[in-house]
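Breakdown of the fold
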Amino acid sequence: MIGIPVPENFDNPFAARNVRDFWNRWHITLSHNMRDVVFAPLSKFFARLFGPAHVNHAIALTIVVVFLLIGIWHGVGWNFAAYGAAHALGVVVNHYYTIGLEAVAGARWVQGLQRESWIRALAVMLTFCYCAASLILFAKRF
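The rules behind each value
- Residues numbered from 1 in each chain as written.
- Predicted model: local features only at pLDDT ≥ 70, side-chain atom pairs only at ≥ 80, totals over all residues.
- Heavy atoms only, no water.
- Salt bridge = Lys/Arg side-chain N within 4 Å of Asp/Glu carboxyl O.
- Helix = DSSP H or I, 4+ residues; strand = E, 2+ residues; numbered from the N terminus.
- Buried < 20%, exposed > 50% of the residue type's maximum accessible area, 1.4 Å probe, protein only.
- Contact = heavy atoms within 4.5 Å.
- Patch = residues over 30% accessible without salt bridge, like charges linked within 9 Å, V, L, I, M, F, W, Y side chains within 5 Å.
- Areas by Shrake-Rupley, 256 points an atom, 1.4 Å probe, with all protein chains shown as cover.

1. Re the pattern of salt bridges
- Taken as a whole, this structure holds two salt bridges when the rule is applied.
- Here Arg25 makes a salt bridge to Asp21, at a shortest N to O gap of 3.2 Å. Of this pair, Arg25 and Asp21 both sit in helix H1 (residues 19–25), four residues apart, which is roughly one turn of the helix. Neither Arg25 nor Asp21 differs from the other in exposure class; each is buried.
- Arg35 is paired through a salt bridge with Asp36; the nearest N and O atoms lie 3.0 Å apart.

This is how it looks when you write it as structure tokens:
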């Protein structure tokens, strides 16, 4: 309005293929800030602490910390921490699922699988259900 450029903050998040993709599309400025300020330095710290053989576990632990902080950033209360934990669980499961699938079938096969339209539709539907259901944690009482 007054000539100040503002970055786009949402990019059709409910069309995401997985929870990680959801967060790349939802509240983009917060996600980028948490990635740069918390995730990058903390994952490097944990990777050095755990050693090269356990880098994937270091990343998973960092994801949990970041999403707990994101949940608490949204408000003070157990339900906000639970919201962060639910999304941490979704991203960590996606992290290990991707690693496992690529180890078993190979990265090229996984990329081909991701191009299948029916698999994409199923993934979007499951992600939508998961993310929409997690919003119940914002309710005052349930």
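2. Quick word on the environment of Leu113
- Inspection of the secondary structure puts Leu113 in helix H5 (residues 107–114).
- Linking Leu113 and Tyr83, residues 30 residues apart in sequence, is a C-alpha distance of 30 Å.
- What Leu113 contacts, discounting residues up to four positions off in sequence, is Leu101 and Ile119.

3. Topic: a nonpolar patch on the surface
- Judged by side-chain polarity, Phe45, Leu49, Phe50 and Leu61 come together as a nonpolar surface patch covering roughly 360 Å² of accessible area.
- For the nonpolar patch, the element with the highest residue contribution is helix H2 (residues 28–50), accounting for three residues.
- Of the residues examined, Leu61 reaches a relative accessible area of 33% and is grouped as partly exposed.

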